[in-house]
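A structural walkthrough
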Amino acid sequence: MMCDFLFSLVCTGEIFELKAELNSDKKEKKKEAVKKVIASMTVGKDVSALFPDVVNCMQTDNLELKKLVYLYLMNYAKSQPDMAIMAVNTFVKDCEDPNPLIRALAVRTMGCIRVDKITEYLCEPLRKCLKDEDPYVRKTAAVCVAKLHDINAQLVEDQGFLDTLKDLISDSNPMVVANAVAALSEIAESHPNSNLLDLNPQTINKLLTALNECTEWGQIFILDCLANYTPRDDRESQSICERVTPRLSHANSAVVLSAVKVLMKFMEMLPKDLDYYGTLLKKLAPPLVTLLSAEPELQYVALRNINLIVQRRPEILKHEMKVFFVKYNDPIYVKLEKLDIMIRLASQANIAQVLAELKEYATEVDVDFVRKAVRAIGRCAIKVEQSAERCVSTLLDLIQTKVNYVVQEAIVVIKDIFRKYPNKYESVIATLCENLDSLDEPEARAAMIWIVGEYAERIDNADELLESFLEGFHDESTQVQLQLLTAIVKLFLKKPTETQELVQQVLSLATQDSDNPDLRDRGYIYWRLLSTDPVAAKEVVLAEKPLISEETDLIEPTLLEELICHIGTLASVYHKPPSAFVEGSRGVQHKRLPGSSAAGVSEAPPAVIPSQGDLLGDLLNLDLTPPTTTGPPPPASSGMQMGAMDLLGGGLDSLVGLLNTVLSEAVSFGAPPAAMPASFNVPVSGGLDDLFDLGGGVGMPMGVFNPPKTVWLPAMKAKGLEISGTFVRRAGVIQMEMTLTNKAMSVMTDFAIQFNRNSFGLAPAGPLQVLTPLSPNQSIEAALPLSTVGPVMKMEPLNNLQVAVKNNIDVFYFSCQYPISMLFAEDGKMERQVFLATWKDIPNDNESQFQIKDCHLNSDAASNKLQGSNIFTIAKRTVEGQDMLYQSMKLTNGIWVLAELRVQAGNPNYTVSTPWQRLMCSNVWRVC
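Before going into details, it helps to say that this report is about the structure given with it. Predicted model, so just to flag it, every value in this text is computed and none were measured. (Residues numbered from 1 in each chain as written. Predicted model: local features only at pLDDT ≥ 70, side-chain atom pairs only at ≥ 80, totals over all residues. Heavy atoms only, no water.)

**Here's the deal with the packing of aromatic side chains**
- The tally for this structure, following the rule as stated, stands at 11 aromatic pairs.
- The interplanar angle of 85° and the centroid separation of 6.4 Å between the aromatic rings of Trp 450 and Tyr 455 together place this pair among those described as edge-to-face.
- Among the residues examined, Trp 450 registers a relative accessible area of 9% and is labelled buried.
- Owing to a relative accessible area of 6%, Tyr 455 belongs among the buried residues under this scheme.
- Stacked on the ring of Phe 369, the Lys or Arg Lys 335 has its end atom at 5.1 Å from the ring centre. (Phe/Tyr/Trp six-rings, centres within 6.5 Å; stacked < 30°, edge-to-face > 60°. Buried < 20%, exposed > 50% of the residue type's maximum accessible area, 1.4 Å probe, protein only. Lys NZ or Arg CZ within 6 Å of the ring centre and 35° of its normal.)

**Quick look at the sheet that holds strand S2 (residues 721-730)**
- Reading across the sheet, the five strands line up as S1-S2-S3-S6-S5 and stay open at both edges, with antiparallel pairing between neighbours. Each having just a single partner strand, strand S1 (710-713) and strand S5 (763-764) make up the two edges of the open sheet.
- Strand direction decides the pairing type here: strand S3 (residues 733-742) and strand S6 (residues 779-787), joined by eight bridges, are antiparallel. When the sheet's bridge partners are listed, Gln 735 is paired in S6 with Pro 785. (Pairing = 2+ DSSP bridges. Helix = DSSP H or I, 4+ residues; strand = E, 2+ residues; numbered from the N terminus.)

**Some points on the packing of helix H17 (residues 253-266) against helix H18 (residues 275-291)**
- Closest axis-to-axis distance for the H17/H18 pair is 11 Å, and the angle between their directions is 155°. If you check the angle between H17 and H18, you find them roughly antiparallel. Two packed elements cross with a definite hand, and for H17 against H18 that hand is left-handed. The residues of H18 that touch H17, namely those facing Ser 253, Val 256, Leu 257, Val 260, Leu 263 and Met 264, are Leu 280, Leu 284, Pro 287, Leu 288 and Leu 291.
- When grouped by side-chain class, the residues that make up the contact of H17 with H18 number 10 nonpolar, one polar and no charged. (Axes fitted to C-alpha atoms, helices over the stretch in contact; angles between N-to-C directions. Parallel < 35°, antiparallel > 145°, perpendicular 65-115°, else oblique. Left-handed = near helix turned anticlockwise from the far one by under 90°. Contact = heavy atoms within 4.5 Å. Nonpolar A, V, L, I, M, F, W, Y, C, P; charged D, E, K, R; others polar.)

**Notes on the environment of Thr 558**
- By the element assignment, Thr 558 lies in helix H32 (residues 557-564).
- For Thr 558, a relative accessible area of 23% gives the class partly exposed.
- Put simply, Thr 558 and Lys 591 are 33 residues apart on the chain and 9.6 Å apart in space, counted from C-alpha to C-alpha.
- Within the local environment of Thr 558, its side chain forms a polar contact with the side chain of Glu 556, the two groups lying 2.3 Å apart. (Polar contact = N/O pair within 3.5 Å; in protein donor to acceptor, adjacent residues only side chain to side chain.)

**Some words on the sheet that holds strand S4 (residues 752-755)**
- If you walk across this open sheet you meet the three strands as S4-S7-S8, and the pairing is antiparallel. Looking at the sheet topology across the chains shown, the edges are occupied by S4 and strand S8 (811-817). Averaged over all pairs of adjacent strands, the angle between strand axes in this sheet comes to 25°, irrespective of strand direction.

**Some thoughts on a negative patch on the surface**
- Together, Glu 464, Glu 467, Glu 471 and Glu 501 make up a negatively charged patch on the protein surface.
- Looking at the secondary structure, you find Glu 464 in helix H27 (residues 462-470). (Patch = residues over 30% accessible without salt bridge, like charges linked within 9 Å, V, L, I, M, F, W, Y side chains within 5 Å. Areas by Shrake-Rupley, 256 points an atom, 1.4 Å probe, with all protein chains shown as cover. Salt bridge = Lys/Arg side-chain N within 4 Å of Asp/Glu carboxyl O. Lys, Arg positive; Asp, Glu negative; His and termini not counted. Charge placed at Lys NZ, Arg CZ, Asp CG, Glu CD.)

**Considerations on the packing of helix H22 (residues 367-383) against helix H23 (residues 388-400)**
- One can describe the packing of H22 onto H23 by two numbers: an axis separation of 8 Å at closest approach and a directional angle of 160°. It follows from the interaxial angle that H22 and H23 lie roughly antiparallel. Where H22 crosses over H23, the handedness of that crossing is left-handed. Residue-level inspection shows Val 374, Ile 377, Cys 380 and Ala 381 of H22 in contact with H23, the latter providing Ala 388, Cys 391, Thr 394, Leu 395 and Leu 398.
- Across the contact of H22 with H23, the residue classes break down as eight nonpolar, one polar and no charged.

**Some points on the side chain of Lys 490**
- If you trace the backbone, Lys 490 turns up in helix H28 (residues 478-494).
- Classification of Lys 490 by relative accessible area gives buried; the value is 4%.
- Discounting chain neighbours no more than four positions away, the residues touching Lys 490 are Trp 450, Gly 453, Glu 454, Val 541, Leu 542 and Lys 545.

**Comments concerning the environment of Thr 914**
- Following the sequence through the fold, Thr 914 ends up in strand S13 (residues 910-915).
- With a relative accessible area of 0%, Thr 914 lands in the buried category.

**Looking at the pattern of salt bridges**
- Per the stated rule, a full pass over the model turns up 32 salt bridges.
- Its salt-bridge partner being Arg 138, residue Asp 171 comes within 2.9 Å of it at the nearest N-O pair. Taken together, the residues span a long stretch of sequence, with Asp 171 in the loop between helix H12 (161-167) and helix H13 (174-190) and Arg 138 in helix H10 (residues 135-151) at a distance of 33 residues.
- For Arg 138, a relative accessible area of 9% corresponds to the buried category.
- Arg 312 is the salt-bridge partner of Glu 268, the closest N and O atoms lying 3.0 Å from each other. Of the two residues, Glu 268 sits in the loop between H17 and H18 while Arg 312 sits in helix H19 (residues 296-312), which places them 44 residues apart along the sequence.
- Residue Glu 268 is classed as partly exposed on the basis of its relative accessible area, which comes to 22%.

What follows is the structure, encoded as structure tokens:
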């Protein structure tokens, strides 16, 4: 096995063998030795003892060997700074090589070696490369200046590299311009007051010229730079907008958002009566709508940005309401974000359409979504006064359904409607009181208590209703206790003769029997008010309340301006300024839209009541990593959201390591038991020996491999409950199939299941259905459908799942490992051209290979069998009698995996190659 070979490489005697091979006169032998050294280094082995021997291999014309040696140097130069000096002469020599690739490689590597002793030798080669005749070398050198500045800022300034970098903005090659802008922007971020990017109309014109010709990521650098420019007047602003507008039709979503950011900023300087202003508004809508046709993770990022845009300029999307209607297969985080935008766009013109949609949503099966939909109906009533009566009628219809959580949410929003429209809809109070006994959530109970206390004079038995809550006063939440105290005091002030005993009882409970300081303080205040001046008490407690605002979750105007300036970045996804989540940032600059000043934002924002338990929250509230400090958690990568884990950082090695198991599971299913290798007796996360049991699978039906059930929870560890199970994927749905066996003497009931956060967000899509009691010595089968939108945290190993199962006896915990192939999506077949471009774009160095033995299928049969597990063959070619299959897979979180399978006719051993950097995360936008 390849893995075993790598881990046993640096054992006794191997170092000396490698040393001899590295000093061999044969070039091929020397190259193979360096490859072995790099392979060992990659899996964590210490091969620093070979430093002098590897450095000696730099003197070669072989570009591949030179790349490998440079990779080794970047890794070990910091731990061996004195020996790294040995390589300086070769670097300097390579910087003058006739081959521009070698010149660029040398200056790039010197920039990556973060050793102070080497930086002083880097200056002269870097100076030459910045003025090299080849644009590839110049663009590489431009980035190197930023790296050198991070190591030694004073040296860069003394050597005049910053001035040279500024000169590169006028370069004839657009990629050189883009990299120069990127380098200057990065340096400027660490020195916000340095004014490195001294933008003027001439410079802006050069950037706009380069914008049309450079790559998509170069366009993002330039657009971000343009967004920092403040035009002199509306004419210049319009000119820039006209030249940036074509970027709205770009295929890359990040380019589109960067262009939107520039246009949103420069629109501030355009007169609203200008014809071009109206034209620009119309042009902004289609690209934003197009973003919503992408995969869910991209949709979420687009929706978070659209949320900001709609708050600033709702007229852009006022005619696009239907685009935000929820689809049945949208993930919950997309649904909730669409719902929020629908409410922001709601107006008298479209309210009927919106209400019809919301009423439909309120009958869905997703509890969180239904709650949000019911609250949305209340927000529409508050925002659009003409629709209030229809909204109240809709809420009453929902209350009649008697669905517990729907009733409770409806009562909460009706309380807000009462505050917005006093003395208008109180006729529904009788209907609300009928559902008093079904309220079990603190917020709903508190809302109902507020209604009873506020309208006590209209409710004949108000004292009896409040007294029923008082019976379990100490068991109630603080929110309910505080509301109950205030409501009974209101009742006493309205009906003093009938409720004197009741108010004394609640004051006694609040002040003498409670240990909550807030409750005690409020109780004492009411007691003293009532005992000293009842008239004053009436004026305080029964005072007229201010009306609530139309919007309950507006972003504060100055913060909104700053977030608009950060469209397309993490700040626009978190809805927080960068200073709130960027640790160690030096002098973060707060950006503002042009024309905004103290006078411009002096208009008081509407009164905002706090959002009452946002069911999704923003991405910052997802704790994606185990807490290591007592401060606020660091922001997640986004994705993850989409909920999304950063598999490309930290989890990548584990993911690559699981590929052997993935392919094994995909092709080994269906073999008869007699042909099953011994390795199937171990868990499915085993090694390479069980990778390709192809021989037993000839002629077997296509489909996903379903591993046999294994015991996850032994009876001796769970008081007689034994759980064995496996994971399957059928029709695109992941299921956890379990056999529950009762080996105890008592009946087991009330089963429930819960997952801990895990690498791919696996979570139960519904409750564990065990419909009948589990009698002693009885077994029962249960299938639990799973979703992949749960909270995310990197696990070790990557496919580890921690589970808690509860029954009437106790709660039991176990962990199991799910086959990674269960997460392969049906739409994992990459477009041929995209595959080809991606495959060619990555160097051949970063590659993991697995040797697979005893496979007896030809390439076509293997390809067909792999396709049954959503491993798709994109292309096939034959080289010297060897079939090479190029395959793609897509995980449910948007990670793409590309692989190459080599099949030699007559040879039962296969080779699988998986380049690391060919793992692409499609749900993370590269925003610079």
